[in-house]
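Letter by letter, the chains look like this.
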Amino acid sequence: MSEDQRAVVIGGGLAGATAALRLADAGLRTELVESRPRLGGLAFSFPRASPVGELAVDNGQHVYLRCCDAYRWFLDRVDGTALAPLQRRLDVPVLDAASGRLGRLRRTAAPVPLHLAAGLARYPHLSPLERLRAGRAALALRRLDLTDPALDEVDFGSWLRRHGQSSRAVEALWDLVGVATLNARADDVSLALAAKVFRTGLLTAPGAADIGWAEVPLGELHDTRTRAALDRAGVRVRTSARAKALHAAPDGTWRVTVAGGPERQETLEAGTVVLAVPQDTAARLLPDGALDGREALRGIGAAPILNVHVVYDRTVLDRPLLAALGTPVQWIFDRTRASGLSALPGAGRSQYLALSQSAAQDDIDRPVAELRARYLPELERLLPAARTAEVRDFFVTRERTATFAPTPGVGRLRPNSCTRAPGLYLAGSWIATGWPATMEGAVRSGLTAAREALARLGRTHDDDLQETAWA
C-alpha cells in the first residue's frame with residue numbers, strides 16, 4: 001500500500017478516535033498513537049480501592065444533550081447508545097440552599113419557544129418580572145447572527161445585563177446552565193459561544209436540551225468499546241506511545257517519530273496525519289509554516305473542573321441528579337450504579353454521589369481536607385438525610401486543563417482543521433467547531449478532519465450523521 005493510502009492519528013481522545021474510525025472506514029490503513037495507556041482523553045474512568053470495595057470512578061461527570069448529533073453518532077458507532085440513555089424530556093430539579101425550595105427546569109412537547117414557557121412560568125427561583133425578562137432575553141438570543149464575528153468580542157454577562165437580567169437571574173438560570181456547559185461564568189464567556197449553547201440547546205427544537213449520561217463507567221464507552229470499534233475497522237492502536245516529532249518528507253509524505261519506551265523509538269510514514277492533541281502539544285509538534293499564528297495556540301487558555309466524590313452509608317439523594325443555588329455545590333449526580341457500588345458485597349444502601357464543579361479556579365488547588373470541610377456541610381444543608389449518614393469515602397479528582405477557556409476573543413485564536421501543510425490536519429474540541437469544549441465539539445472536530453483529508457485524496461466518504469428528531 002502506498003504511503004498516501006496510510007494515515008496516522010496522534011491522540012486517542014474522542015477527536016482522534018473519531019478521525020481514525022472515519023479514515024479507516026474509507027479504506028485508509030490507519031494507525032492511532034496515544035501517549036496514555038488508555039483511550040478516552042479527558043473523559044475516562046479508573047479503578048479506586050475504596051473502603052467499600054473497588055469502584056469504577058469517572059474523572060468527571062460528563063453529560064450530553066439530544067442535540068449533540070455527533071456524539072450520539074459516536075455512541076452508536078461504538079455500540080454504546082443503550083449505555084448512555086437520554087431523558088425522555090428535559091427535567092432538572094433545582095434546589096435553593098437558603099430557602100430549601102425545590103424548583104424544576106422542564107420542557108413540554110409544545111413548539112419552540114413555547115416548550116419552555118410553562119416551566120419558566122412556574123420556576124420559583126425567579127420573580128414574575130425576572131421570568132418575563134428572561135423570556136425576552138431568550139428571544140433576543142434567538143435573533144443573534146451566529147456568523148457575526150463581533151459576537152466573539154463581547155462577554156455574555158454584559159449582554160445579559162443590557163437585556164434586563166438581574167444578578168439573581170444570572171445565577172439561577174443563565175449561569176446554572178452556562179457554567180455546566182461552558183465551564184465559565186457569564187462575565188468570562190464569549191457571547192458567540194454562549195449564544196451557540198443556548199440557541200442550539202434551548203431554542204432550536206423542543207427536545208434539543210434533553211440530558212443524557214453514561215450509566216456505565218466512561219472507560220467502558222471511550223476505551224473498551226472504542227478499542228473494539230477501532231479494531232473492527234482495522235485501525236492499529238498504539239497506547240503508551242508518544243509522538244515526539246513530525247516532519248514532512250521530500251516526497252510529500254509525513255514522518256512521525258514515536259517513542260514507546262525509554263529505548264524504543266520508531267518512525268511511522270503516512271500521507272495523512274491528524275493531530276488530535278491539546279493545543280499546546282499541537283503547537284509543539286506542528287512544523288514551521290504549517291499554521292499561520294501557530295504561537296497563538298498557546299494563547300488559548302485552559303479552565304479547570306473539580307469533581308468531589310462522596311460515598312455515604314445510606315441513600316441521601318432520591319433522584320439521579322440535582323442542581324443547587326446559594327451554595328458552592330453546583331451539580332450532584334448519583335453514581336451508585338455506574339461505579340459498581342450497588343453490586344459490591346456489603347454495600348447495602350450505600351450511595352455514591354459525584355459533585356461536578358465547573359469554573360473551579362478557586363477550589364482546584366485546595367487540599368482534600370479543606371474541600372471536605374467545605375463541601376460536606378453544604379451537602380448536609382441540601383440533603384437532610386446526609387446529616388445523619390456516615391461518610392464511608394471522600395476523594396476528589398482534578399482536571400486543571402479540563403477545557404479551553406471560552407473567553408471573549410477566543411474565537412479568533414481557534415484554527416480550522418486544515419493546515420497549510422498538505423496532508424496535515426488538526427482535531428480537538430479547541431479548534432474552530434463553533435462549539436465550546438464538549439464531547440460534541442471533540443467528535444465534530446474528528447469528523448471534520450477526516451472529511452477534509454478524504455476530500456484531498458478524492459475518497460468518497462459518508463459524512464451524514466444519523467440524526468433523529470429532537471422533538
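This text goes with the structure placed above it.
Remember, it's a predicted structure, so these values are computed and weren't measured experimentally. (Residues numbered from 1 in each chain as written. Predicted model: local features only at pLDDT ≥ 70, side-chain atom pairs only at ≥ 80, totals over all residues. Heavy atoms only, no water.)

### So, the overall build of the protein chain
Item 1. Within the protein chain one finds 11 helices and 19 strands.
Item 2. Expected size for 471 residues packed as a compact globule is a radius of gyration near 23 Å; at 23 Å, the protein chain falls within 12% of this value.
Item 3. Referenced to the eigenvectors of the C-alpha coordinate spread, the extents of the protein chain come out at roughly 70 × 55 × 40 Å.
Item 4. A total of 471 residues make up the protein chain; the buried ones form 57% of that total.
Item 5. In the structure as shown, the protein chain presents an accessible area of about 19400 Å², 49% of it carried by carbon and sulfur atoms.
Item 6. Across the protein chain, 59 positive and 53 negative side-chain charges occur, with their mean positions spaced 4 Å apart. (Helix = DSSP H or I, 4+ residues; strand = E, 2+ residues; numbered from the N terminus. Rg over C-alpha atoms; globule rule 2.2 N^0.38 Å. Buried < 20%, exposed > 50% of the residue type's maximum accessible area, 1.4 Å probe, protein only. Areas by Shrake-Rupley, 256 points an atom, 1.4 Å probe, with all protein chains shown as cover. Lys, Arg positive; Asp, Glu negative; His and termini not counted. Charge placed at Lys NZ, Arg CZ, Asp CG, Glu CD.)

### So, the packing of aromatic side chains
Item 1. Enumeration over the complete set of coordinates arrives at 10 aromatic pairs.
Item 2. Ring geometry for F156 and W159: centres 6.2 Å apart, planes at 20°, overall stacked. Of this pair, F156 and W159 both sit in helix α5 (residues 156-162), three residues apart, which is roughly one turn of the helix. One exposure class covers both F156 and W159, and it is buried.
Item 3. Ring geometry for Y352 and F395: centres 6.3 Å apart, planes at 50°, overall tilted. With Y352 in strand β17 (residues 351-358) and F395 in strand β18 (residues 391-404), the pair connects residues that are 43 residues apart, well separated along the chain. (Phe/Tyr/Trp six-rings, centres within 6.5 Å; stacked < 30°, edge-to-face > 60°.)

### Comments concerning the pattern of salt bridges
Item 1. Counted under the stated rule, the structure contains 35 salt bridges.
Item 2. Put simply, D187 and R161 hold a salt bridge, and the shortest N to O gap is 3.0 Å. Here the residue D187 occupies a position in the loop between α6 (167-182) and α7 (191-202), and R161 occupies one in helix α5, the gap between them amounting to 26 residues.
Item 3. For D288, the salt bridge goes to R294, with nearest N and O atoms at 3.0 Å.
Item 4. Exposure remark for D288: the relative accessible area of 69% places this residue in the exposed category. (Salt bridge = Lys/Arg side-chain N within 4 Å of Asp/Glu carboxyl O.)

### Some words on the packing of helix α2 (residues 69-77) against helix α11 (residues 439-457)
For any two helices packed against each other, one specifies the crossing angle of their axes together with the interaxial distance.
Item 1. Contact pair α2 / α11: the axes reach a minimum separation of 7 Å and the direction vectors enclose 75°. In terms of orientation, α2 lies roughly perpendicular with respect to α11. Contacts between α2 and α11 involve D69, A70, Y71, W73 and F74 on the former and, on the latter, M439, E440, V443, R444 and L447.
Item 2. Within the contact of α2 with α11, the residues separate by chemical class into seven nonpolar, no polar and three charged. (Axes fitted to C-alpha atoms, helices over the stretch in contact; angles between N-to-C directions. Parallel < 35°, antiparallel > 145°, perpendicular 65-115°, else oblique. Contact = heavy atoms within 4.5 Å. Nonpolar A, V, L, I, M, F, W, Y, C, P; charged D, E, K, R; others polar.)

### A look at the state of the cysteines
What makes a disulfide is a covalent bond joining the sulfur atoms belonging to two cysteines.
Item 1. One pass over the full model with this rule turns up zero disulfides.
Item 2. Unpaired in this structure, C67 has its nearest cysteine sulfur neighbour in C68, at a distance of 4.6 Å. (Disulfide = S-S within 2.5 Å.)

### Concerning helix α10 (residues 368-382)
For an α-helix, the turn length of 3.6 residues means that residues three or four places apart are oriented alike.
Item 1. With 15 residues, α10 extends 21 Å between its outermost C-alpha atoms, agreeing within 8% with the 21 Å of an ideal straight helix rising 1.5 Å per residue.
Item 2. Listed in full, the buried residues belonging to α10 are L371, Y375, L376, E378, L379 and L382. The arc enclosing the buried residues of α10, seen along the axis, measures out at 165°, which places them on a common side. For α10, exposure combined with an orientation more than 90 degrees from the buried face picks out A369 and A373. (Expected span 1.5 Å × (residues − 1). Arc of directions from axis to C-beta.)

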